[in-house]
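Residues per chain, in single letters:
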Amino acid sequence: MNEMQWDLSQLVESTDKAYIINRLEEMVAEAGAMREQYKGKIGSLDAPGLYALLEAQDSFSLKYEGVAMYCNLLYSADTTNPEAQHLNDAMRRAGTRAGQQLAFMEIEMGELLAARPELVRAPELAEYHHLLERIQRRAPHQLAEREEQLVMSKDQNGIDAWSQLQEDWLSTRTFKITIDGEEKVLPYGQIIGLYEDPRREVRREANSIVYRDLGKDEIMWASALRSICADHIQMCEWRKYPSVLTQSLISNDVEEEAILALMRTVENNVEVYRRYLRVKARLMNLPRLGNWDLIAPLPNDPGKKYTWSEARSSVVEAYTRFDEEFGQHADDMYGQRRIDAEVRKGKVSGAFCASWLAGQSAFVLQSFNGLVGDVYTQAHELGHAIHACLGSRAQRPSNYEIGSCIAECGSTFGELLLTEHLLSNSASNAEKQAVLCKVLDEFGMAAFQVSARYFFEQSIYGAIKAGKFLDGETLSSLWTAARDRIYGDAVEWLPEMKWEWTMKLHYYIPNYRFYNYPYVFAQLFVFAMYRLYREQGEAFVPKVKALLSAGSSRSPGQLARELGFDITTEEFWQKGIRQAEEFITQLEKIQ
Ligand SMILES: [Zn+2]
């Protein structure tokens, strides 16, 4: 084992396969015992009884968290290892069986709180107050147990199948591209890497080939998206959701007012993003960016490489400069061997951080190639890990079910701390420009480009309700209209980019409508937080800690109020925009 590999043996008492399988069986049996004890009886619980149930749920999840993570992470580290495949499969099957045993709990608790709403405020249940509020908010939209089962089967053979088809299609497709006179056949996962190639014509060609090919199957994509969105409208009726946004608002624990203020702020500030795109065009010696230049490196990017230990010290120093404890948590992740960064065949692509609440820590996976982007990924994932360290020390598991709006706070904040560190250690202007463009490219994508996806999704539901038939061309015209609301004429688009909506797998994932605005939320929220940190300095550190320690025990709106802000106002979101403007000004000043 080398220091770029994680040590998963910490998660379990024994890594013996028979022991693991046995633990999984014990988990299913214990779920069965909880069902015996509580099924049909939750409606008659008083406050102490409900407390005991919630506590039992929490200790159940802590007890089996390690073994489930072990199976899952072993598999992520090497998907070709037969033992890992077997254990991961056994874990998933055991998880489904345990989940089925315990599914009645949410329904019965919802019924209990509907009948006795005063329990939500019972002093004995103070610790679970917001958890109960969330159950209460979901309860009116729940169907009967039998109907919920029918919905699951409908989704399994409907929307799940569309999602699987989309994923399989993308992962089995190959694309022919000629680079330097040599013809290559690349899978989707590889050709999209060329979008960041330093050679402009290669980027253009890669974009053109991918979207031309995606457009050829427009009938399939349009059919999928039309059905998925029509299904959502139908489900909103069944579940009595007042708006197409409601389901996502509930799961993200936010109010519609806040999201509308957020999206208005984005739309009112498109000029800020366009200003950056013009600066970037100038730095690339272009009259205007093509869509294939949006995430391209600058021509003078020195392409600095980092060793593993340089990356570690940059990331740890960036966090330590903000706060000793943050730095310590980050450093422990390396010292305790909780990061798997080695590049290996069979390892899953991308990067993630899995919280390990029982160990008050986390595990991080990435493939480290030494590029500045890899150092950013490391800072990002360790931000999640710090979030998990703080949150798990302060909260029980059921108060650590963090919605997407808050989940990216620690990670994105960490990227900004790394930016600060890299800028102050840059040897040249070219290096500084590369760092600022990296931050602003990501900001532009998350805050603005993703907003176009939100506008697009809204327009689909509008069109369906107006009785329009959504064929491929109609969807494409909705897509380009949403895109142009953000980009105006600041970017030149290849005509085949009208098919861009086809590849976004989130649109095809079941029960995941409006996956988009939480990214915008998180980006502007963190930029606003960072702005406050710049203004208030050290005094702001405990506020960030309090936010990351809160888990899901308070809503994002409440957490912002504790920072002194109201997320239902545009004024708050504007603070995030101002921080982006500051970065743009910094970039403009470098000659
Ligand atoms: Zn993340």
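To be clear, the structure that these remarks concern was listed above.
Below: a short report on this structure.

What counts, and at which threshold
- Residues numbered from 1 in each chain as written.
- Predicted model: local features only at pLDDT ≥ 70, side-chain atom pairs only at ≥ 80, totals over all residues.
- Heavy atoms only, no water.
- Donors = N, O, S within 2.8 Å, 3.2 Å for Na, K, Ca; no water.
- Tetrahedral: all angles 85-135°; square planar, octahedral: opposite > 155°, others 65-115°.
- Helix = DSSP H or I, 4+ residues; strand = E, 2+ residues; numbered from the N terminus.
- Buried < 20%, exposed > 50% of the residue type's maximum accessible area, 1.4 Å probe, protein only.
- Pairing = 2+ DSSP bridges.
- Salt bridge = Lys/Arg side-chain N within 4 Å of Asp/Glu carboxyl O.
- 1 Å grid on protein atoms, 1.4 Å probe; cavity = no way out; pocket = protein on both sides within 12 Å on 5 of 7 lines; lining within 4 Å.
- Points joined across faces, edges and corners; volume = space filled by probe spheres on them.
- Nonpolar A, V, L, I, M, F, W, Y, C, P; charged D, E, K, R; others polar.
- Phe/Tyr/Trp six-rings, centres within 6.5 Å; stacked < 30°, edge-to-face > 60°.
- Lys NZ or Arg CZ within 6 Å of the ring centre and 35° of its normal.
- Polar contact = N/O pair within 3.5 Å; in protein donor to acceptor, adjacent residues only side chain to side chain.
- Contact = heavy atoms within 4.5 Å.

1. Here we look at the coordination of the zinc ion
The coordination sphere of the zinc ion contains the protein donors His380 (NE2), His384 (NE2), Glu408 (OE) and Glu408 (OE), at a distance range of 2.1 to 2.7 Å. Given four donor atoms and angles of 52 to 139° at the metal, the environment of the zinc ion is assigned as irregular. Sequence spacing among the residues donating to the zinc ion works out to H-x3-H-x23-E. With His380 in helix 16 (residues 372-394) and Glu408 in the loop between helix 17 (404-407) and helix 18 (409-424), this pair connects stretches of sequence that are 28 residues apart.

2. Examining the pairing of strand 1 (residues 174-179)
On strand 1, burial follows the alternation: Phe175, Ile177 and Ile179 on one face are buried, whereas Thr174, Lys176 and Thr178 on the facing-out side are not. As consecutive antiparallel partners, strand 1 and strand 2 (residues 182-187) are separated by two residues, and within that stretch Asp180 has a phi angle of approximately 50°, a positive value.

3. Regarding the pattern of salt bridges
Taken as a whole and assessed by the stated rule, the structure comprises 42 salt bridges. Between Arg275 and Glu588 there is a salt bridge whose closest N-O contact spans 2.9 Å. With Arg275 in helix 13 (residues 270-283) and Glu588 in helix 24 (residues 570-589), the pair connects residues that are 313 residues apart, well separated along the chain. Its relative accessible area of 25% is what places Arg275 among the partly exposed residues. Between Glu535 and Lys575 there is a salt bridge, and its shortest N-O distance comes to 3.7 Å.

4. With respect to empty space enclosed by the protein
All chains considered together, the criterion is met by one cavity of 30 Å³ or more. Approximately 30 Å³ is the volume found for the largest cavity. Residue lining of the largest cavity: Val272, Tyr273, Tyr276, Leu440, Phe443, Phe448, Ala580 and Ile584, and that is the complete set. Those elements giving two or more residues to the lining of the largest cavity turn out to be helix 13, helix 19 (429-465) and helix 24. Within the lining of the largest cavity, the residues separate by chemical class into eight nonpolar, no polar and no charged.

5. Points about the packing of aromatic side chains
All chains considered together, the criterion is met by 36 aromatic pairs. An angle of 55° between the planes, with centres 6.3 Å apart, marks the rings of Trp499 and Trp501 as tilted. Note on accessibility: Trp499 and Trp501 belong to one class, buried. It is Arg204 that lies over the ring of Trp292; its NZ or CZ is 4.9 Å from the centre. Sitting over the ring of Phe455, Arg485 keeps its end group 3.8 Å from the ring centre.

6. A few points about the side chain of Asn291
With respect to the element layout, Asn291 can be found in the loop between strand 3 (289-290) and helix 14 (308-322). A distance of 3.0 Å separates the side chain of Asn291 from the backbone nitrogen of Leu494, its partner in a polar contact. Once residues lying within four places of it in the same chain are set aside, the contact partners of Asn291 are Asn207, Val491, Glu492, Trp493, Leu494 and Met497.

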